[in-house]
Amino acid sequence: MKLSSLALALVLTIQLPSAISLVPSHRAFSSFSTRSAVTSPRRSSIFIAKSDATTATPDASSPSSSTTTIAATTTTTSTTVEFPPPLTKVERLQRAAKFWSSAIPIVLSYYSKDAELRVKEAFTGIQLTQSEEETIWNEQHEAGARKLADTITSLKGFYVKTAQIIASRQDLFPPEYTEALSNFTDNVDPLPVELLKAVVAQDLLVRGEVFEDIFAEFDEVPLGAASVAQVHRAVLTEKYGSREVAVKIQRPSIESKLMGDIANLKQLAKTFRDSDALPLDYYTVFAELEKQLADEFNFLAEAVAMDRIYETVTKDENGLPCESPIVLPRPVQGLVSRRVLVMDYLEGVPLSRAAEEMARKGISPDSPEAQLFGRKLLRSLTDVFGRCILETGFFHADPHPGNIFVLDDGRIGLIDFGQVKQIGGRARETLSKVMLALDERESDVNPADLEKIGNLALELGVELADDAPAEGPAAVAMWLFDGSVETLPGGYDKGELSPNSPVKALKSFPQDLVLVGRSSILIKGLSNRLQIPWSLSKEWAPTARRTLEGNNNQQSAVVATDGRGSKIRMRDVLKLLKTWSRGKVSRGITRLPSPMRTKVAAVALRLQKRREAKEAK
């Protein structure tokens, strides 16, 4: 990685990035978080004690002088919990100054090193070998990574999310950065449990209730702690359903800090907006994220989003119930507020720790079980995001390995719906046309096909540099949505960080599609790791076709009076049973003894590869 991607890897650091989300500490939403950790005496009550001189103002928008005092009463003692106030104006300025004083030297050090090497080569006439050049840049990466890690450790906030994204994108960033920042994925300092219980008490308890009226158990050690919130495992009382749940609680006074952080990143992106060093207009990206952050601090909106996406993926194209390719947690009705979200508890590990878990179970990354699961993961994410993006335009906009779960029964889970995106009907229609144009093209070089695909890409709002070749828009579309392409048109390289990548030709990318692009890049990166040629356009084409047809062939699930209607109902019932049985078999394989599981998985893998080869013809 040289100058062409320095700002990408160092400061802006997010290729089509995501906003703040919960990244689990161990087995978030799972039993790995030491269920026996609650060893302190049970709390008999938590109540709010407001001083006449203060106002309850946990929100960041409140004046910094306001505080809230919470008195938490146990059977024998009483402790006082005080909410941290929002950042003052002086503190915000100090935080911004520290960011700029750290970020600019890192960026400039890459410019300086690049200039140094060019001057040395010009004066000596000696060109460095590839090995020598790689050594120099590796040392530069190590120095930059240490500096960036120190800065993020000090600042935390939104910058922690930046570190999390880098650490999860080994396919894009140098190992010096992914390794130096890997701890940020898991080790965000948790808040004291009494403070979080106070937030829960403030938001969820009704008159006459105490904390134990809602929760029979509440683990004091969090499942995960992140920039916006942390999550605790709990068990509801019989009054609320006696279910095992995850409780997501927002950090008090976090909003002003994070919004200030993203303002800093926007300003940095604006400063370097016209620089050739950046492969994309990151000002547009961060402007989109700034808008998305508004809902990050409203868990009521997140609960609505969870239910909305659940409704999409649990019904087929005919509106009939179907088994979702992934497991989605559901919010517990009546136990959701702006700062507290009680939801289903998922038993498993994040994808970021899947390899670790497989090693613990003695499963080799090259084994049939691992390959079969990889294909299942790829298929599931492709189906879910394709349906959400093209059918309704409403989708989970923060897919990364910390939010994708490998459940103990072999299924795949998706958590954290704080960041979602709704794209308009016109954008969905044009996206669908892009998928069909890519899927139906005669070849990767046919001029008529390239013109059609390119015009649709431009219709989406993609803008390319003035000196970009005519094939540029089509190359961008292929790069985003067809990972099976061997050679991109226009002489572009497939590598995202290559100086000749089609991303480098982008002048501007439409805000509506920033997060669509993030989803496609996640799936593309996964297919690259699994070494499976994967074309999203091919996989999404049937959904795109239905979208353009306006679901004219959609049949009602009400009782039909003619024989034809009866056949349709029977076909749909058989389809539902087939899907259900396939899921049962898949989960059953995971429970088999290791030697038998490997043999069964090997057979299933051969059959799947044979089916894929047949479909490719």
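Residues numbered from 1 in each chain as written. Predicted model: local features only at pLDDT ≥ 70, side-chain atom pairs only at ≥ 80, totals over all residues. Heavy atoms only, no water.

**Q** Could you give an account of the overall build of the protein chain, naming the residues involved and the relevant values?
**A** A tally of helices and strands in the protein chain yields 19 helices and 16 strands. Per-residue burial over the protein chain gives 54% buried out of 617 residues. Here the contacts in the protein chain between residues at least 6 apart in sequence split such that 74% fall between residues at least 24 apart. Carbon and sulfur atoms form 53% of the exposed surface of the protein chain, whose accessible area is close to 27,600 Å². (Helix = DSSP H or I, 4+ residues; strand = E, 2+ residues; numbered from the N terminus. Buried < 20%, exposed > 50% of the residue type's maximum accessible area, 1.4 Å probe, protein only. Contact = heavy atoms within 4.5 Å. Areas by Shrake-Rupley, 256 points an atom, 1.4 Å probe, with all protein chains shown as cover.)

**Q** Kindly report on the confidence of the model for the protein chain, identifying the contributing residues and their values.
**A** When the pLDDT values of the protein chain are averaged, the result is 76; 71% of them are 70 or greater. Counting interchain partners and residues more than four positions distant, the pLDDT-below-50 stretch residues 1–78 has 272 contacts. Under a pLDDT of 50 for its full length, residues 551–568 has, in the predicted model, 13 contacts with residues more than four places off or in other chains. (pLDDT = per-residue confidence, 0-100.)

**Q** Residue-level account of the pattern of salt bridges, with values.
**A** Across all of its chains, the model carries 25 salt bridges by this definition. Close ionic contact of E217 with R233 constitutes a salt bridge, the shortest N to O distance being 3.3 Å. One end of the pair, E217, is in strand β4 (residues 215–218); the other, R233, is in strand β6 (residues 229–236), and 16 residues separate them in sequence. Taking relative accessible area as the criterion, R233 reaches 5% and is therefore assigned buried. Its salt-bridge partner being D482, residue R441 comes within 2.7 Å of it at the nearest N-O pair. With R441 in the loop between α13 (425–440) and α14 (447–460) and D482 in the loop between α15 (472–481) and β16 (506–508), the pair connects residues that are 41 residues apart, well separated along the chain. Residue classification places D482 among the buried residues on the basis of a relative accessible area of 6%. (Salt bridge = Lys/Arg side-chain N within 4 Å of Asp/Glu carboxyl O.)

**Q** Tell me about the packing of aromatic side chains, and please be specific about residues and values.
**A** Taken as a whole, this structure holds five aromatic pairs when the rule is applied. Both rings, one in F211 and one in F215, keep their centres 5.1 Å apart while their planes meet at 35°; by these two values the pair is tilted. For F211, a relative accessible area of 2% puts it in the buried group. Ring pairs connect the aromatic residues F211, F215 and F218, which therefore count as one cluster. A cation over a ring is seen here: R330 above Y310, with NZ or CZ 3.8 Å from the ring centre. (Phe/Tyr/Trp six-rings, centres within 6.5 Å; stacked < 30°, edge-to-face > 60°. Lys NZ or Arg CZ within 6 Å of the ring centre and 35° of its normal.)

**Q** Explain helix α12 (residues 368–392) to me, and be specific about the residues and the numbers.
**A** Taking 1.5 Å of rise per residue, the 25 residues of α12 would be expected to cover 36 Å, and the 36 Å separating its terminal C-alpha atoms lies within 8% of that figure. Most of α12 is tucked away, with 19 of its 25 residues classed as buried. With its phi angle positive at about 75°, G393 sits one or two positions after the end of α12. (Expected span 1.5 Å × (residues − 1).)

**Q** Tell me about helix α10 (residues 299–313), residues and numbers included.
**A** Look at α10: 21 Å from first C-alpha to last across 15 residues, which is about the 21 Å you get at 1.5 Å a residue. Every buried residue belonging to α10 is among F299, E302, A303, A305, M306, I309, T312 and V313, and all of these are buried. Capping of α10 at its N-terminal end is provided by N298; its side-chain oxygen lies 3.1 Å from the backbone amide nitrogen of L300. (Polar contact = N/O pair within 3.5 Å; in protein donor to acceptor, adjacent residues only side chain to side chain.)

**Q** Talk me through the pairing of strand β12 (residues 404–407); I want residue IDs and the actual numbers.
**A** Every other side chain in a regular strand lies on the same face of the sheet, so the side chains alternate between the two faces. Of the two faces of β12, the one holding I404 and V406 and the one holding F405 and L407 are both buried throughout. Looking at chain direction, strand β10 (residues 348–350) and β12 are connected through three bridges and run antiparallel. What sits directly across from V349, in β12, is V406. Linkage of β12 to strand β13 (residues 412–414), two consecutive antiparallel strands, is achieved through a turn of four residues, within which G410 is found at a positive phi near 95°. (Pairing = 2+ DSSP bridges.)

**Q** Outline the pairing of β6, supporting the account with residue identities and numerical values.
**A** Burial within β6 is extensive, with eight of its eight residues counted as buried. Of the pairings in the sheet, the one linking β4 to β6 comprises three bridges and is antiparallel in character. Counterpart to F215 in the pairing with β6 is L236. Hairpin remark: strand β5 (residues 224–225) followed by β6, antiparallel, with three residues in the connecting loop. As paired strands, β6 and strand β7 (residues 244–250) are joined by seven bridges and run antiparallel to one another.

**Q** Report on the sheet that holds β12, specifying residues and quantitative values.
**A** Taking strand neighbours across the sheet as the criterion, the three strands line up as β10-β12-β13 in an open arrangement whose pairing is antiparallel. For this open sheet the edge positions go to β10 and β13, each flanked by a neighbour on one side alone. Looking at each pair of strands side by side, their axes are set apart by 30° on average, direction ignored. Strands in contact with α12 are β12 and β13; relative to β13, the strand with the most contacts, it is inclined by about 40°. (Axes fitted to C-alpha atoms, helices over the stretch in contact; angles between N-to-C directions.)

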